[in-house]
Amino acid sequence: MDKVAETIRKHKDDFIYENFKSAIDGLPANYKYQGSYVEKEILKRIAKVKAANKGAKVTLVGSVEALSLLQGKNTAGLSQNMLDEINGTGFLGTWKGNDCLALPTCYKADTEELAFDDNVIYIIPANQKLITIVNEGEPIVKSTTLYQDNMDMSEDYFVIWRMGAVVIFNKIMGKIELEG
């Protein structure tokens, strides 16, 4: 049963991410930046997201690799504490006054493809609940075999449920896609 629960959790995580990604791709172009690292252009997109949200604080969310790309490789002028933080986490928890949050490193279900792009950072208003999941009805759990059918006397199960997701766009978000 633990394996079934883990599989369902992973399916839900993938479902949420795909819905979020598809919603972000539909953002107007002036809230997105794609290209090589140009700090001025990146900061301009962050400022636009803040302005669209009445000056609200934003969080920069991405993989550790993406956040380290955003923060650059030049360590000149960083304090020892900042260097220790980069050594410990791979990125700074704050960049240019904006909080940074790393997404977990994981694979998409049943693949060896990473779930999160290692060059994409999302600009999200702080304390914003972005996605609502709706489970419809009760799940159906059935055994697909009798325990006598498997040589080790184990049973196979399948689970059926109906699930939907909605991305809530009551705040403007942004996306930064850097060429590595």
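In case you missed it, the structure is sitting above this.
The notes below deal with the structure included here. (Residues numbered from 1 in each chain as written. Predicted model: local features only at pLDDT ≥ 70, side-chain atom pairs only at ≥ 80, totals over all residues. Heavy atoms only, no water.)

Here the focus is the layout of surface pockets. Each pocket or cavity is described by its volume, and for the second largest pocket that value is around 260 Å³. Forming the walls of the second largest pocket are 16 residues, and the residues nearest its centre are Q71, G72, N74, L78 and W95. For the lining of the second largest pocket, the secondary-structure elements that each account for two or more residues are α3 (64–71) and β3 (94–95). When the residues that make up the lining of the second largest pocket are grouped by side-chain class, the tally is six nonpolar, seven polar and three charged. (1 Å grid on protein atoms, 1.4 Å probe; cavity = no way out; pocket = protein on both sides within 12 Å on 5 of 7 lines; lining within 4 Å. Points joined across faces, edges and corners; volume = space filled by probe spheres on them. Helix = DSSP H or I, 4+ residues; strand = E, 2+ residues; numbered from the N terminus. Nonpolar A, V, L, I, M, F, W, Y, C, P; charged D, E, K, R; others polar.)

So, about the pairing of strand β2 (residues 58–62). Most of β2 sits inside the fold, with five of its five residues counted as buried. Residues V58, L60 and G62 line one face of β2 and the alternating positions T59 and V61 line the opposite face, and both faces are buried. The pairing of β2 with strand β5 (residues 120–125) spans five bridges and is antiparallel. Residue pairing for β5: T59 is matched across the bridge by I124. (Buried < 20%, exposed > 50% of the residue type's maximum accessible area, 1.4 Å probe, protein only. Pairing = 2+ DSSP bridges.)

Per the stated rule, a full pass over the model turns up one cavity of 30 Å³ or more. Here the largest cavity defines a volume of roughly 60 Å³. If you trace the largest cavity, you find it lined by S63, E65, P104, T105, C106, L114, A115, F116 and D118. Grouping the amino acids of the lining of the largest cavity by side-chain chemistry returns five nonpolar, two polar and two charged.

Residues I42, I46, L60, L70, I121, I176 and L178 are the most contacted members of the largest nonpolar core, which totals 18 residues. Broken down by secondary-structure element, the contributors of at least two residues to this core are α2 (39–52), β2, α3, β5 and β8 (174–178). Element by element, the count of residues in this core is highest for α3, at four residues. Residues in contact with L70, not counting those within four places in the same chain, are Y37, I42, L60, W95, I121, I176 and L178. (Core = buried A, V, L, I, M, F, W, Y, C linked by side-chain atoms within 4.5 Å. Contact = heavy atoms within 4.5 Å.)

With respect to the helices and strands, N53 occurs in the loop between α2 and β2. Exposure remark for N53: the relative accessible area of 7% places this residue in the buried category. Look past the residues within four positions of N53 in its chain and what remains in contact with it is P125, K171 and I172.

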